[in-house]
Amino acid sequence: MNWTLNLLSYGGMVVLVLAFVMNQLNRWSTASLMYCVFNAFGAGCLLLYVIIKEEWALVPMELLWMLASIWGYFRNKRSV
């Protein structure tokens, strides 16, 4: 179980950082599908991790991050 939790936490962090770096390099806009999907997936991984580890103070941040990314995807999809 320990390696699974490590994979979940580090994997989520890497995906979030990758989305941030790609945005900073002007490869992905904040309106792009990949940016929204990577943010939602990364935040979802970290949300599961903090729930399992009972780090309740971080649950709202990860939940809002994930929901905002999903909302951004559908908002951008509608405007295309």
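Look above for the structure.
For every chain, the first residue of the written sequence is number 1, and numbering continues from 1 onward in sequence order. Local features in this predicted model are restricted to residues whose pLDDT is 70 or higher, and side-chain atom pairs enter the listing and the counts only when it is 80 or higher, whereas totals over whole chains, interfaces and linings include all residues. Excluding hydrogens and water, the side-chain values take into account all heavy atoms of the structure.

Visitor: Hey, could you run me through the overall build of the protein in this one?
Guide: Put simply, DSSP marks the helices as runs of H or I at least four residues long and the strands as runs of E at least two long, and each gets a number from the N terminus on. Summing up its helical and strand segments, the protein has 3 helices and 0 strands in all. Secondary structure elements of the protein, listed N to C terminal, follow the sequence α-α-α. In terms of overall dimensions, the protein has a C-alpha envelope of 40 × 20 × 15 Å along the principal axes. For accessible areas, the Shrake-Rupley method is used with a probe of radius 1.4 Å. Any residue's cover is judged against the shown protein chains and nothing else. Total accessible area on the protein is roughly 5600 Å²; 71% of this is exposed by carbon and sulfur atoms.

Visitor: Looking at this model, I keep getting lost on the packing of helix 1 (residues 2-24) against helix 2 (residues 33-52). Mind explaining?
Guide: Between two packed helices, both the angle of their axes relative to each other and the distance between the axes serve to describe the pair. Interaxial angle, 0 to 180 degrees, is taken between N-to-C directions of lines fitted to C-alpha atoms, where a helix line uses only the stretch in contact. At their nearest, the axes of helix 1 and helix 2 sit 8 Å apart, and the two run at 150° to each other. Classed by the angle they form, the pair helix 1 and helix 2 counts as roughly antiparallel. Here helix 1 and helix 2 pass one another in a crossing that is left-handed. Contact residues: helix 1 offers L5, L8, S9, G12, M13, V15, L16, L18, A19 and N23, while helix 2 offers Y35, F38, N39, F41, G42, A43, C45, L46, L48, Y49 and I52. In terms of residue class, the contact of helix 1 with helix 2 is made up of 16 nonpolar, 5 polar and no charged. In these notes the angle categories are as follows: under 35 degrees is roughly parallel, over 145 is roughly antiparallel, 65 to 115 is roughly perpendicular, and the rest is oblique. Handedness of a crossing is defined here by the sense of rotation of the near helix relative to the far one, left-handed for an anticlockwise turn of less than a right angle and right-handed for a clockwise turn. In this analysis, two residues are considered to be in contact whenever any of their non-hydrogen atoms come within 4.5 Å of each other. Any residue that is not Ala, Val, Leu, Ile, Met, Phe, Trp, Tyr, Cys, Pro, Asp, Glu, Lys or Arg is counted as polar, Gly included; the first ten are nonpolar and the last four charged.

Visitor: Please clarify how the state of the cysteines should be interpreted in this entry.
Guide: Two cysteines joined by a covalent bond between their sulfur atoms form a disulfide. A pair of cysteine sulfur atoms is labelled a disulfide when the two atoms are within 2.5 Å. One pass over the structure, following the stated rule, counts 0 disulfides. Not engaged in a disulfide, the cysteine C45 finds its nearest cysteine sulfur in C36; these two sulfurs lie 16 Å apart. Throughout this description, buried means an accessible area under 20% of the type-specific maximum (1.4 Å probe, protein chains only), exposed means over 50%, and partly exposed covers the range between. The class for C45 is buried, based on a relative accessible area of 11%.

Visitor: I'm lost on the nonpolar core in this one. Help?
Guide: Buried together is how nonpolar side chains tend to be arranged in soluble globular proteins. In terms of nonpolar packing, the biggest core is built from 6 residues, these being A40, A43, L47, V50, V59 and M66. Elements that contribute at least two residues to this core include exactly helix 2 and helix 3 (59-79). The leading source of residues in this core is helix 2, at 4 residues. Discounting chain neighbours no more than four positions away, the residues touching L47 are V59, E62, L63 and M66. Throughout this description, the term nonpolar core refers to a set of buried Ala, Val, Leu, Ile, Met, Phe, Trp, Tyr and Cys residues connected via side-chain atoms within 4.5 Å. In terms of nonpolar packing, the next biggest core, distinct from the first, is built from 5 residues, A19, W28, Y35 and F38 among them.

Visitor: Which parts of the structure should I look at to understand the side chain of S69?
Guide: Note on placement: S69 falls in helix 3. Those residues in contact with S69 that sit more than four places away from it in its chain are C36, N39 and A40.

Visitor: Help me out: how do you make sense of a nonpolar patch on the surface in this one?
Guide: Two joining distances apply to patches: 9 Å for like charges and 5 Å for nonpolar side chains (Val, Leu, Ile, Met, Phe, Trp, Tyr), and every residue must have over 30% relative accessible area and no salt bridge. Note on definitions: salt bridges are taken to be side-chain nitrogens of Lys or Arg within 4 Å of carboxyl oxygens of Asp or Glu. A grouping of Y10, M13, V14, V17, F20, V21 and L25 is seen on the molecular surface, where their side chains present a nonpolar patch of about 660 Å² in accessible area. Note on placement: Y10 falls in helix 1. Taking relative accessible area as the criterion, Y10 reaches 54% and is therefore assigned exposed.

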